[in-house]
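Commentary on secondary and tertiary structure
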Amino acid sequence: MIVKGNLIDCDKNGTIRIRENTYLIVESGIISKIYSEDEIPNSLKNEKIEDYKNALIIPGLIDMHLHAPQFSFRGLGMDMELLDWLNTYTFPEETKYKNMDYAKKAYPKFVKALTNSFTTRAVIFSTLHKEATVLLMDMLEKTGLKCFVGKVNMDRNSSGELIETTSESIDATREWLNTCKNRYKNTKPIITPRFIPSCSDELMKELGEIRGDTYGLQSHLSENPKEVEWVRDLCPDSDGYLDAYDKRGCLNKSDIGTVMAHCVYSDEKEMELLKKRDVYVAHCPQSNICLSSGIAPIRKFLDRGIKVGLGSDIAAGYSLNILNQAVEAIGLSKLYWRYIDSNSKPLELAEAFAMATRNSGPYFGNIGAFEEGFEADILVIDDEALNDGVDDIRKRFERFLYLSDECSLISKYVAGEKIIIS
Ligand code: GUN
Ligand code: FE
């Protein structure tokens, strides 16, 4: 396959790179060569070229944290903080996925919206229900998107029926992992303890064992002041929230890494451990605003070389559009700089774009930029509605980042496969 157009991505130094009228040669899903108009060999010029002319072409975006079953109640309860919101809206809604008829009605809406979004790769929570989780994975598999999906574990401090015993949780996780074996090409299981308050020490330790060196792990970390205080009470043996995961053996080095959502209240010691355990931080700015959680110290993470990507955190965040998250991340970083720490300079546009693309790319492989050897995750954008009279690509790109909801997605490729958008 050959795709031609105006390529915009981040280079490895985090600078926005613009290559106009440039050819991407894609073989077996991988970008094998990149040619400018001057360089393209004549032999290739005669091949079929997908020429996107004046459109903008960017790498596929990565959503490092979201909850598929929560798509159905986005926008509700946004006047609450985390723990009340979980008990009032989230747990009752997630309970419904025990019923497969409900899951069969609800999940297609989420899957369709994700397919039509700018996201090509995602790290997703389902619910604790094994059957509905497999249904979600089967549906995602068919879209061509590449996702990690986790059956959630929770054996304490829940409400109503949304709870497992410790042994049920462990057995169901093993069975689910068995079901997933050899079933998928695009979809991968990921170990998913909801957060420390939901998982007993025994369960956490067993999940660490199951993880071994085979599976990735996702969870929540230091999101809200009351939650952080609760974890301190629950884990008197631990020197902080991330240390509680570590002491229970959840952060052992695996071939696939660990993703922790939020990290709003991570202090120096926690940052050190985030770095040491090579954790990916999923920054979820819209969620942190909506649940009044606070402002994560993203500049400090970046200064320390901690990996930071973006998460929509549906439904604590309401928008699946990762560019909206990128823009909110910039906004929050300005408030952090103005009100909290004048040494933490605001995020630049390029840094926010890198957080949406190449920062978390390595979680999935060689992903997140247009470079030889990278998988061909490509978005083709029509920004016609915005670019009246503007022909400078950099300016068009800046406006697109802020106003992407007014633009349309012409084509979407994941590892070179064209995704059917509807
Ligand atoms: N912490 C534990 N569960 C959740 C959840 O579903 N959403 C968010 N934002 N935080 C959590
Ligand atoms: Fe979350």
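Conventions we followed
Residues numbered from 1 in each chain as written. Chains lettered and ligands numbered in written order. Predicted model: local features only at pLDDT ≥ 70, side-chain atom pairs only at ≥ 80, totals over all residues. Heavy atoms only, no water. Donors = N, O, S within 2.8 Å, 3.2 Å for Na, K, Ca; no water. Tetrahedral: all angles 85-135°; square planar, octahedral: opposite > 155°, others 65-115°. Helix = DSSP H or I, 4+ residues; strand = E, 2+ residues; numbered from the N terminus. Buried < 20%, exposed > 50% of the residue type's maximum accessible area, 1.4 Å probe, protein only. UniProt positions renumbered as here; feature names shortened; annotations may be inferred. 1 Å grid on protein atoms, 1.4 Å probe; cavity = no way out; pocket = protein on both sides within 12 Å on 5 of 7 lines; lining within 4 Å. Points joined across faces, edges and corners; volume = space filled by probe spheres on them. Nonpolar A, V, L, I, M, F, W, Y, C, P; charged D, E, K, R; others polar. Pairing = 2+ DSSP bridges.

Looking at the metal site, the iron ion (ligand 2) is ligated by His65 (NE2), His67 (NE2), His220 (NE2) and Asp313 (OD), spaced 2.1 to 2.2 Å from it. Viewed at the metal, the 4 donor atoms of the iron ion (ligand 2) are separated by angles of 87 to 171°, and the geometry they form is irregular. If you list the donors of the iron ion (ligand 2) from N- to C-terminus, the spacing comes out as H-x1-H-x152-H-x92-D. Here histidine 67 is found in strand S5 (residues 61-67), whereas its partner aspartate 313 is found in the loop between strand S14 (307-310) and helix H12 (322-340), with 246 residues between them in sequence. The exposure classification of histidine 67 matches that of aspartate 313, with both residues buried.

Turning to the UniProt feature "domain: Amidohydrolase-related" (unreviewed entry) in the chain, a few remarks are in order. Within this structure's numbering, the places UniProt gives as "domain: Amidohydrolase-related" (unreviewed entry) are residues 57-385. End-to-end, the C-alpha atoms of residues 57-385 are 16 Å apart, and along that stretch the chain is 41% helix and 16% strand.

Now for empty space enclosed by the protein. On inspection of all chains with the given rule, the structure shows 2 cavities of 30 Å³ or more. Taken as a whole, the largest cavity encloses approximately 100 Å³ of empty space. Forming the walls of the largest cavity are His67, Gln70, Leu82, Trp85, Leu86, Arg194, Phe195, His220, Glu223, His262, Asp313 and Ala316. Among the elements that make up the lining of the largest cavity, the one with the highest residue count is helix H2 (residues 82-95) (3 residues). Partitioning the lining of the largest cavity into residue classes produces 5 nonpolar, 4 polar and 3 charged. The space that makes up the second largest cavity amounts to roughly 80 Å³. In this structure, the second largest cavity is lined by 13 residues; those nearest its centre are Ala296, Ile298, Arg299, Ser333 and Tyr336. Elements supplying a minimum of two residues to the lining of the second largest cavity: helix H11 (298-303) and H12. Broken down by element, the residue count for the lining of the second largest cavity peaks at 4 residues, all from H12. A per-class count over the lining of the second largest cavity returns 8 nonpolar, 3 polar and 2 charged.

A few words on the sheet that holds strand S15 (residues 378-382). Taken together, 7 strands build an open sheet; the order of strands is S3-S2-S1-S4-S15-S16-S17 and the sheet is mixed. Looking at the sheet topology across the chains shown, the edges are occupied by strand S3 (30-35) and strand S17 (417-418). In this structure, strand S2 (residues 16-27) lies alongside S3, joined through 5 bridges in antiparallel fashion. Looking at the pairing, isoleucine 25 lines up with lysine 33 of S3.

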